[in-house]
Amino acid sequence: MARRIDVSGSGGVRLAAWEFADPPKGGDGAGGPGAVLLLHGLMGRAAHWAETARWLSTRHRAVALDMRGHGRSERPVDGPFTREAYVADAQAAVERLGLAPVTLIGHAMGALTAWQLAARRPDLVRALVICEMRASALGVAGRREWGEWFKSWPVPFATLADVRKWFGEDDPALERPKPARGDFYAEVMAERSDGWRPVFSRRQMLIARETYARDAHWEDLALVQCPTLVVRGLDGELGRAEAHEMVRVLPRGVYAEVHDAGHFVHYDQPDAWRRVVERFLETALPA
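The rules we used
- Residues numbered from 1 in each chain as written.
- Predicted model: local features only at pLDDT ≥ 70, side-chain atom pairs only at ≥ 80, totals over all residues.
- Heavy atoms only, no water.
- Helix = DSSP H or I, 4+ residues; strand = E, 2+ residues; numbered from the N terminus.
- Rg over C-alpha atoms; globule rule 2.2 N^0.38 Å.
- Buried < 20%, exposed > 50% of the residue type's maximum accessible area, 1.4 Å probe, protein only.
- Contact = heavy atoms within 4.5 Å.
- Pairing = 2+ DSSP bridges.
- Axes fitted to C-alpha atoms, helices over the stretch in contact; angles between N-to-C directions.
- Polar contact = N/O pair within 3.5 Å; in protein donor to acceptor, adjacent residues only side chain to side chain.
- Parallel < 35°, antiparallel > 145°, perpendicular 65-115°, else oblique.
- Left-handed = near helix turned anticlockwise from the far one by under 90°.
- Expected span 1.5 Å × (residues − 1).
- Nonpolar A, V, L, I, M, F, W, Y, C, P; charged D, E, K, R; others polar.

J.: So what about the overall build of the protein chain? Which residues, and what values?
T.: From N to C terminus, the protein chain includes eleven helices and ten strands. Relative to a compact globule of 287 residues, whose C-alpha radius of gyration would be 19 Å, the protein chain shows 18 Å and is just as compact. Considering only C-alpha atoms, the protein chain reaches an extent of 50 × 40 × 35 Å along its principal axes. When each of the 287 residues of the protein chain is scored for burial, the buried share is 55%. Within the protein chain, counting contacts between residues at least 6 apart in sequence, those at least 24 apart form 72% of the total.

Structure follows, in structure tokens:
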């Protein structure tokens, strides 16, 4: 059974942290060197990490965090939804849950939060996994495109099956069907009186994305001193050339790619995702 732990984040924002399995008996899973903090991406939630957290929990204490504006965490009307706020929230979770020195595993925006925390507080972070996040600027045109995409969502959805079908098959942004994408978005919907709607504010998601999309993040990446794995899906949003350049910039970076996976690597190919992460952790975290 999942266990929720409330954490006070930056500025007192209430955050929900989750454990999806009991940690292993003994010292390694109770915090300290054995702990892992999982950080989802934009529009994600801690539940996206449930399967990953369960296999991690055989050796580590694995905690997944709902970031501000996401999942069951607070959605402050006026934010802030800045990089500083997200990094401070992750730091608060590490410190208040006694996880340091922690392994951070992040997807997309969560990966950026993870490496920025590792760069600014190397004493708190022992190892890092970056999944499907670019260090280059994403460009200014994205806000308009994302706004139009949000407007195209046929909300409210009548059923969760409709959610899965639209995001996995019918979304005009898709080049071909991606059932795992439908499953991913079904996790971020909640049933209301008129149907299924996202648990987040799309306006707030645009604001959060704007705070990192315009800038490159190579300088922060170069400051990460801990062992770092850069993972991309072969059909994802992080290109191979940029991923290899990220590994070159990282003082202790290594590279892995997952075949037959897109942006949502841990949903598209969960077994392959597990293999590359476990292989890295076995090397990066001495027994």
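J.: Quick rundown of the sheet that holds strand β6 (residues 125-131)? Include the residues and the values.
T.: Sheet architecture is open: eight strands sit in the order β1-β2-β4-β3-β5-β6-β9-β10, paired in mixed fashion. Strands at the two margins of the open sheet, each flanked by one partner only, are β1 (3-8) and β10 (253-258). Adjacent strand axes in the sheet meet at a mean angle of 25° when their direction is disregarded. Relative to strand β9 (residues 228-233), β6 runs parallel, the two being bridged by four bridges.

J.: Describe in detail the environment of His40, supporting the description with residues and values.
T.: Mapping His40 onto the fold places it in the loop between β3 (35-39) and α1 (50-56). For His40 and Leu65, which are 25 residues apart along the polypeptide, the C-alpha to C-alpha distance reads 7.5 Å. Beyond its immediate chain neighbours, meaning those up to four positions away, His40 contacts Arg45, Ala46, Trp49, Leu65, Asp66, Met67, His70, His107, Met109 and Gly110. Only 3.0 Å separates the side chain of His40 from the backbone nitrogen of Met67, close enough to count as a polar contact.

J.: Any details on the packing of helix α4 (residues 142-152) against helix α7 (residues 202-213)? Residues and values, ideally.
T.: Across the interface, α4 lies against α7 with an axial gap of 11 Å and an inter-helix angle of 160°. As judged from the angle between their axes, α4 and α7 are roughly antiparallel. Taken as a pair, α4 and α7 cross one another with a handedness that is right-handed. Residues Gly142, Arg143, Trp146, Gly147 and Phe150 of α4 touch α7, and the partners they reach there are Arg202, Met205, Leu206, Ile207, Arg209 and Glu210.

J.: Describe α7, with residues and values.
T.: Every α-helix winds through 3.6 residues per turn, so residues three or four apart in the chain are directed the same way. For α7, built from twelve residues, the straight-helix expectation of 16 Å at 1.5 Å per residue is met to within 8% by its first-to-last C-alpha distance of 16 Å. When α7 is considered as a whole, its buried residues turn out to be Gln204, Met205, Leu206, Ala208, Arg209, Glu210, Tyr212 and Ala213. The elements touched by buried residues of α7 are α2 (83-96), α3 (109-120) and α4.

J.: Give me the packing of helix α5 (residues 160-170) against helix α6 (residues 179-186): which residues, what numbers.
T.: Look at α5 against α6: their axes get within 7 Å of each other, and the N-to-C directions meet at 135°. Between α5 and α6, the interaxial angle falls into the category oblique. Handedness of the α5/α6 crossing: right-handed. Mapping the contact onto sequence places Leu160, Val163, Arg164, Phe167 and Gly168 in α5 and Pro179, Arg181, Gly182, Asp183, Tyr185 and Ala186 in α6. The residue makeup of the contact of α5 with α6, split by class, is six nonpolar, two polar and three charged.

J.: Describe the environment of Leu112, and please don't skip the residues or the numbers.
T.: Structurally, the position occupied by Leu112 is in helix α3. Sequence separation between Leu112 and Phe150 is 38 residues, and the spatial gap between their C-alpha atoms is 23 Å. Once residues lying within four places of it in the same chain are set aside, the contact partners of Leu112 are Arg83, Met133, Tyr212 and His217.

Shape is all these values report; function is a separate question.
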